[in-house]
Amino acid sequence: MTSRQPVATSAATGASGLSRQRRIVVLLVWLAIVAAGVVLITRTHFSADLSAFLPQSPDARQRVLIEQLQTGVASRTLLIGIEDGTDATQRAVVSRAVAGAMRESGLFDQVQNGDASDWKAAGTWLFDHRYRLSTSVTPERFTAAGLHDAIADTLSLLGTPAGNLVKPLLDRDPTGETQGVAESLIPANAPRTEAGVWASRSAPRAVLLATTHASGSDLDALTIAIAKVQSAFDAATRDMTGAKPRLRLSGAPVFSVQSRDQIKGEAIHLSIVGGIVMGCLLLLAFASPKALLIAFLPVATGVVAGTATVSLVFGNVHGLTMGFGSTLIGETIDYAIYYLIQARGAAVPGTGWQRWRDLNWPTVRLGLLTSVCGFAALLFSGFPGLAQLGVFSIAGLVAAALATRYVLPVLAPDGATGMGMRRTMAKVAGAIVRGLPRLRLGLFALGLAALALLAWRGADLWRANLSAMSPLPKEAQALDESLRADIGASDGGLLVVAQGADVQTVLRNAEAASVRLEKMVDSGELTGFETVTRFLPSEAAQQARVASLPDSATLRTRLNEAMKDLPLPVARLEPFLADVETARNQPMVQREDLASGPLGPIVSSLMYQRPGGGWGALIALHPGTKFDQARLESALAGVPDVQVVDVGRELGALYDRYLHEAFVQVLLGALAVVVLLGLYLRSPRRLLAVCQPLVFAVVLTLGGLAVLQVQLGILHLVGMLLVVAVGSNYALFFDQLRETGRADEDTLASLMLANLTTVVSFGLIAISNIPSLSAIGRVVAPGAMLALLLSAAFVRGAPPAPPVSSGRR
Amino acid sequence: MISGSKIRGELGGSAGAVQWRDVCRTLLLLLAFSASSAWAFELPDLMGLLAKQKSGEARFTEQRFVRGLEGPLNASGTLSFTAPDKLSRRTLTPRPESMVVDGNNMVLSRGERTRTMTLDSVPELQGLVEAMRGTLSGDTAALTRYFKSVVGGSVDGWTLDLQPLDNRLAAQVRSVRMSGRGSEVLGLEMEFVGGDRSVMTIVPTRPAP
């Protein structure tokens, strides 16, 4: 796209310089492209969810998992702690105020803080629909014997502390259906209650649980919801005197928002620091602010083009992709450095760029092509996140190279003026280049040792997992765990998911699973589970229950018989007879009716419309001490469309698959680089000479990481590809040097400077707090330096002295 | 109300009858505790006494008087306690059911249904369980956290009257009275808000070692 105009420009290079019109046209086209890119970026949505780094075509179980990670209730659950302050009563006051403000805001599907008042409306609804909801409603229960047993059971609660809850309902619900329904809804591991609200067992804090209305992938909306919690807390504590409590927030939405902010912040921070450091380096080398400014233009063009292209292709830009912006700087600035130094010394002023174009551009272009080949492998990986990195890097590199090729000749036809410290750099570089080949044998041995170490450690090296890519600090993870333990909230580690083409099928499948799970609760293997069918039974179940209810006359007869030896007068049970009659004619409980009622949020959190069509229902499990996953799986075997999803295990499997695919992609990328080099060099000997330092650089880097006990992961792998992509530039220059002997002081200085900037920029990334970025930096910084040194060390056939002496001529 | 005090009197009487059969043991206990409780039998004395018993099993019979029902509800079964915090109540008649408390966990079984709960999520229940456990294990701190307590009688026939401090518990339970002899609890009476009452008679089956 960007190449059209410049091609026309290059056609008119017969003259010694560029015509004025050409220069204006080139500059205008370039400015227009950059401006368009900037406009596009300002309208771009930036995402940060790690699920972008999950594959697109996983199996059914993994698809369930990814749906859940992206939009499931876990991705929308906020855990809130109100900590310290003066005492439990104060924390309870704040808890109620915060919960109240949150409920009013409409930003949350549900807000729970243990305040029983939230359940009043829901309780009334459950009571009114008890004969449709209670699993005990069967024909047997409404025989004389069944009624006797059920009523005796209810009576046995009277005269106990629970009696006060049962007593008011006795006349209308003597068989205790409401109580049965309610019992099944009380979570087995409910939080401790203190001063009427949920409180931690381990710390002085009140706890709340909320589900945002916004989807887990809508970071902007999540940011607003989180800000609402903060402002509600601030309002509640504003007028408090003495020790004020502190607000602690955790949960997936907080992490998502924080990750995005952190990645954004760190990318900016790294870019600024990297920019300053490199600016100083360039100033040292050029002693010219103008050259410095010009050197950054291709970088800026590359970052803008890369971001804009990703935005165009994917519709959004992942935070980690942006983080790569700073890694690109390291490579793209090389182009400008090569140009600014190598275009110098033209015989006729204004024609330096032509000499560069003829002598050096082919090498730069080849280096660009090898890099593009390397990154192209990521495009076909099937992982949206990696594909973004690929698109970003390719577009960025191409744009930066084109800007160097066509814009820099306009701005600096003869490269950079001024010499700066370059003479010294060239001397150092020359000394290194002459000295290194002596170390060849030692380096060779070291490489073999590293290779042996890698072979010996084998797959054991690749121990990093998906969580290693999470930028969450340990402290945040600890807070999350502690709040989760307080609330008894499942961390979503183990889920049962029922699926179906329509609502009723899903409900029937979930009911079938519930029957099996209920048995595991009775045997103590589970302490409980949550299923939507407790509020929303399938129509089939509702019909069966209503059909179990006898008509008034029959019920009256049976009741008289059942109550013979019970101390409850039958005369009191007229309301019961009336309620059963009402229930027989009640309309079916439908999902739509529930959605607008008090139980709507719970129903919507446990049941969801699947993105690909159809419906899904989640059953959250609370494992008991005797829990055994294999037994759960065998208990649920044969229930149609019901799956057990072990989030940890599935994520592990996903990651392994991801790693495997990345390996294949990286190998293909490396192969493409080799093929391209082979096509260009047309000589097996030269190809071997170019590849040798690259292979050794990668092997030595990996060996070093292995010695340091670093757990390697996918991003280290991506880093290796970058080493090959960046390092091939150096190797090619040395190849050119050997073939033509045409490397002067400035060429060596440019190589050294380019390498320094690369190492500095990746070195900065290596010390970043974002694990995924630092992983790449820790591979590329040493790898790129090794690639240069090894390229110099392995230069064969060229006499040690000529490169520098030819420059002095 | 009238029937309540009658029952309380009967229970007191039966406890007194038992007392004479074990005079030597009581005398020994009296000697052991005379240093601190020569004149008045106070809460620390009782708790010290109870703390000696690390575990116990008993049978119970319970009568519950509920307003609006024709006649009392009777139940019987077994109780067991292991210091410091295991407590179980298994009802055998009229219908088998059980409540097992272990630390902060409570497992309720009625009919075919089993429910597991955390005790501290239901403060009103926690108060009652702590009253029982606190008394049985002689844990004064646990007891006084939830109740205002008054001790009456002497080592060979004491009563412990408890009044809930927590609002939520007080909204349901008016008072709890435990009675016993030496280190054994022999009776538990509860009066609920609204007039219902429960009276439990306890007969230890495995006395203190």
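Structure: above.
Report follows, based on the coordinates. Computed from a predicted structure; not experimentally measured.

Things to note about helix 18 (residues 440–457) of chain A
Residue and element names in this part refer to chain A.
Next up, step 1: Between the first and last C-alpha of helix 18 there are 26 Å, a value that for 18 residues agrees with the 26 Å anticipated at 1.5 Å per step.
Next up, step 2: For helix 18, the complete set of buried residues consists of L443, G447, A450, L454 and R457. One side of helix 18 holds all its buried residues, which, seen down the axis, span an arc of 95 degrees. Exposed residues on helix 18 whose side chains face more than 90 degrees from its buried face are L441, A455 and W456.
Next up, step 3: Positive phi shows up at G458, right after helix 18, with a value of about 55 degrees.

Quick look at the interface of chain A and chain B
Next up, step 1: The partner chain B presents 30 residues to the 36 residues of chain A that form the contact.
Next up, step 2: At the boundary of chain A and chain B, one finds 14 residue pairs in polar contact (both at pLDDT 80 or more).
Next up, step 3: Among the elements of the structure, helix 7 (144–155), helix 9 (177–185), strand 4 (192–194) and helix 20 (503–522) of chain A are those that each provide at least two residues to the side of chain A that touches chain B.
Next up, step 4: Here the element with the most residues in the side of chain A that touches chain B is helix 7 of chain A; it accounts for five residues.

Some points on the pattern of salt bridges
Next up, step 1: For the coordinates displayed, the defined rule picks out 33 salt bridges over all chains.
Next up, step 2: Two residues, R96 of chain A and D115 of chain A, come together in a salt bridge whose shortest N-O distance is 3.4 Å. One end of the pair, R96 of chain A, is in helix 4 (residues 88–105); the other, D115 of chain A, is in the loop between strand 3 (108–112) and helix 5 (120–128), with 19 residues separating them in the sequence.
Next up, step 3: R64 of chain B is the salt-bridge partner of E62 of chain B, the closest N and O atoms lying 3.3 Å from each other. For the pair E62 of chain B and R64 of chain B, a shared accessibility class is recorded, and that class is buried.
Next up, step 4: Taken together, the salt bridges that share partners define one network made up of E83, D84, R205, R246, R248 and D486 of chain A.

Considerations on unusual backbone geometry
Next up, step 1: Of the consecutive residues A83 of chain B and P84 of chain B, the connecting peptide bond is found in the cis state with omega at 0 degrees.
Next up, step 2: That bond from T93 of chain B to P94 of chain B is cis: its omega, 0 degrees, falls within 30 degrees of zero.
Next up, step 3: Its location among the elements puts P94 of chain B in the loop between strand 3 (86–93) and strand 4 (97–102).
Next up, step 4: Positive phi, close to 50 degrees, is recorded for R682 of chain A, a residue that is not glycine.
Next up, step 5: Positive phi, normally seen in glycine, also occurs at Q709 of chain A, with a value near 65 degrees.
Next up, step 6: By the secondary structure assignment, Q709 of chain A is in the loop between helix 28 (684–707) and helix 29 (714–740).

Here we look at the environment of A595 of chain A
Next up, step 1: Looking at the secondary structure, you find A595 of chain A in helix 24 (residues 591–595).
Next up, step 2: In this structure, the C-alpha to C-alpha distance between A595 of chain A and T223 of chain A, residues 372 residues apart in sequence, is 25 Å.

Structural notes on the packing of aromatic side chains
Residue and element names in this part refer to chain A.
Next up, step 1: One pass over the structure, following the stated rule, counts seven aromatic pairs over all chains.
Next up, step 2: Ring geometry for Y338 against F733: centres 4.8 Å apart, planes inclined by 45 degrees, an arrangement best described as tilted. A residue pair is termed long-range when its members are at least 10 positions apart, and Y338 in helix 13 (residues 319–342) and F733 in helix 29 qualify at 395 residues.
Next up, step 3: By relative accessible area, Y338 is classed as buried at 1%.
Next up, step 4: Note on W462 and F663: the rings are 4.8 Å apart at their centroids and 70 degrees apart in plane angle, and the pair reads as edge-to-face. A residue pair is termed long-range when its members are at least 10 positions apart, and W462 in the loop between helix 18 and helix 19 (474–487) and F663 in helix 27 (residues 647–681) qualify at 201 residues.
Next up, step 5: Through successive ring pairs, a cluster of aromatic residues spans Y339, W356 and W361.
Next up, step 6: Over the face of the ring belonging to W361 we find R405, whose NZ or CZ atom lies 6.0 Å from the ring centre.

What counts as what
Here the residue numbering is sequential within each chain, running from 1 through the sequence in written order. Chains and ligands are labelled by the order in which they are written, letters from A for the one and numbers from 1 for the other. This being a predicted model, a pLDDT of at least 70 is required before a residue's local features are given, and a value of 80 or more before pairs of side-chain atoms are given or counted; all residues contribute to the totals for chains, interfaces and linings. Side-chain figures throughout are based on the complete set of non-hydrogen atoms in the structure, without hydrogens or water. A run of H or I in DSSP becomes a helix once it reaches four residues, and a run of E becomes a strand once it reaches two; helices and strands are each numbered from the N terminus. The span you would expect from a helix comes to 1.5 Å times its residue count less one. Classification of residues uses two cut-offs on accessible area relative to the type maximum, computed with a 1.4 Å probe and protein chains only: under 20% is buried, over 50% is exposed, and between them is partly exposed. Arc, as used here, means the arc of the directions from the helix axis to the C-beta atoms. Any two residues having at least one pair of non-hydrogen atoms within 4.5 Å are treated as being in contact. Two N or O atoms count as a polar contact when they lie within 3.5 Å, although within protein this holds only if one can serve as hydrogen donor and the other as acceptor, and sequence-adjacent residues are included solely when both atoms are side-chain atoms. Whenever a carboxyl oxygen of Asp or Glu lies within 4 Å of a side-chain nitrogen of Lys or Arg, that contact is scored as a salt bridge. Paired rings are identified among Phe, Tyr and Trp, the last through its six-membered ring, by centres lying within 6.5 Å, and are further divided according to the angle between planes into stacked (under 30 degrees), edge-to-face (over 60) and tilted (the rest). Here, a charge over a ring means that NZ of Lys or CZ of Arg falls within 6 Å of the ring centre while also lying within 35 degrees of the ring normal.

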